[in-house]
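Architecture and fold: a report
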Amino acid sequence: MSSIRIKAKERKGEVDVKCLMKHDMETGLRKDKSGKKIPEHWIQDVTAESNGKVVFSCAFNTSISKDPYLAFAFSGKKGDTLKISWKDNTGATDSAETQIK
Amino acid sequence: MDRRSVLKVAGVVSAAATALVAMPRLAMAAYTEKAFKAKGGADALQNAYGANATTPSDQVKLKAPDIAENGAVVPVEVETDMQAESIAILIDGNPSPLALTADIPAGTKGLVKTRCRMGKTTNVTAVVKSGGKLYTASKEVKVTIGGCGG
C-alpha cells in the first residue's frame, strides 16, 4: 500500500485536497538509546499533479511533523485525477493517485 | 567502438544532461540545502527568494494555536487572497527556521495547511511572495514541550 492517503473533494470549482504521508521525518537531532544520533531522514519535495499538470509543489524541512499532513486547494473538477508524490533525502520516492470526488 | 555506437552513446548522454538541467525549472519549490539549512530567518529567505525585505500585511492570514501543548505537532495554516507565487513558513526559534516553501501556480489557491515541529516558544511567520515582493504575518506560539528531539 502506498504511504500516501489523499482526500480530494470538489466544491464550486475548487478542489480541496488533504493528504497524509507516512514517514518518520527524523530531524537528525534525536538520539537513540545508546546515545548515538539518529541520522536525518525526511521528505524533501512533494508534488501534486492533476491530469498531468503540476498544481502544487512544496519543499519540507525536518521541522515538519512526523507523518506529514498537507492541505491545499486548486481549481479543478470532479473526475479529474490527482497524483501526489514525494521524495526524501535518501532518494526514496512514493506516489499515490486518486480521482477527485 | 565504431562511429555509430559512439554517436548513440553521445546522444543518450546529452539527453540525460538536458533532463538534469531542465529538472530544477520544472520543480520550482524544490528543496535547496542553502535555504533550508540557513540558521536565521533572514538568511533563509535570502537563499530561498533572493530577497529578505518583507512587509507585514493583513492580507496574509496565519492560523496557529496560541499555546501548543506538544511542540512536535503544531498545526499551521497560511492563507492569502493575493495572487501568491509562493508561500513559506518560518519558525524563528528553530535550529533551521525555514519549515516549508510551497509553489503556487496560477489556478491554485493561496493556501497551505500543515503541521510543524517547534523547539521552543517563538514567533511563527508566514511569508507570501506576490508580485515579486514578500509579505508576512507573524504570531507567537507558546510551546509547553519542545518537539525537535535532542
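As the structure is a prediction and not an experimental result, all values here were calculated from the model.

As for the pattern of salt bridges
Residue and element names in this part refer to chain B. Under the counting rule described, the total for this entry stands at eight salt bridges over all chains. Lys-63 is the salt-bridge partner of Glu-77, the closest N and O atoms lying 3.9 Å from each other. Of the two residues, Glu-77 is situated in strand β4 (residues 74–80) and Lys-63 in strand β2 (residues 60–63); the sequence distance between them amounts to 14 residues. Between Glu-140 and Lys-142 there is a salt bridge, and its shortest N-O distance comes to 3.6 Å. Residue Glu-140 is classed as partly exposed on the basis of its relative accessible area, which comes to 43%.

What about the confidence of the model for chain A?
With 99% of its residues at a pLDDT of 70 or more, chain A shows a mean pLDDT of 86. Per-element mean pLDDT across chain A ranges from 87 in strand β7 (residues 93–99) of chain A up to 91 in strand β5 (residues 69–75) of chain A.

Remarks on the interface of chain B and chain A
Each side of the interface is counted separately: chain B has 33 residues, and chain A has 32 residues. In total, about 2600 Å² of surface goes out of reach between chain B and chain A, with carbon and sulfur atoms giving 49% of it. Contact with chain A buries surface across chain B, with Tyr-31, Arg-115 and Arg-117 of chain B losing the most and accounting together for 26% of the total. Summed over the shared surface of chain B and chain A, the result is one salt bridge. The salt bridge partner of Glu-14 of chain A is Lys-109 of chain B, with a shortest N-O separation of 3.5 Å. Contributing elements (two or more residues each) for the side of chain B that touches chain A: β6 (98–103) and β7 (111–116) of chain B. When grouped by side-chain class, the residues that make up the side of chain B that touches chain A number 19 nonpolar, eight polar and six charged. The pairing of strand β4 (residues 53–60) of chain A with β6 of chain B spans four bridges and is classified as antiparallel. Opposite Ser-57 of chain A, over in β6 of chain B, you have Asp-103 of chain B as the bridge partner.

What counts and how
- Along each chain, numbering runs from 1 in the same order as the chain's sequence is written.
- For this description, chains carry letters from A and ligands carry numbers from 1, given in the order in which they are written.
- The predicted origin of the model limits local features to residues at a pLDDT of at least 70 and limits the giving and counting of side-chain atom pairs to 80 or more, whereas totals for whole chains, interfaces and linings rest on all residues.
- As a rule here, side-chain values come from all non-hydrogen atoms in the structure, and water together with hydrogens is ignored.
- For this document, the term salt bridge refers to a Lys or Arg side-chain nitrogen within 4 Å of an Asp or Glu carboxyl oxygen.
- Only DSSP runs of H or I with at least four residues qualify as helices, and only runs of E with at least two residues qualify as strands; both kinds are numbered from the N terminus onward.
- Only protein chains enter the accessibility calculation, which uses a 1.4 Å probe. A residue is then buried if its area is under 20% of the maximum for its type, exposed if over 50%, and partly exposed in between.
- Scored between 0 and 100, pLDDT is the confidence that the predictor attaches to each residue.
- Any two residues whose heavy atoms approach within 4.5 Å at even a single point are treated as in contact.
- Using a 1.4 Å probe, buried area is obtained as the accessible area two parts lose upon being combined, added over both of them.
- Throughout, the ten residues Ala, Val, Leu, Ile, Met, Phe, Trp, Tyr, Cys and Pro are labelled nonpolar, Asp, Glu, Lys and Arg are labelled charged, and all others, Gly among them, are labelled polar.
- Only strands that DSSP links by at least two bridges are regarded as paired with each other.

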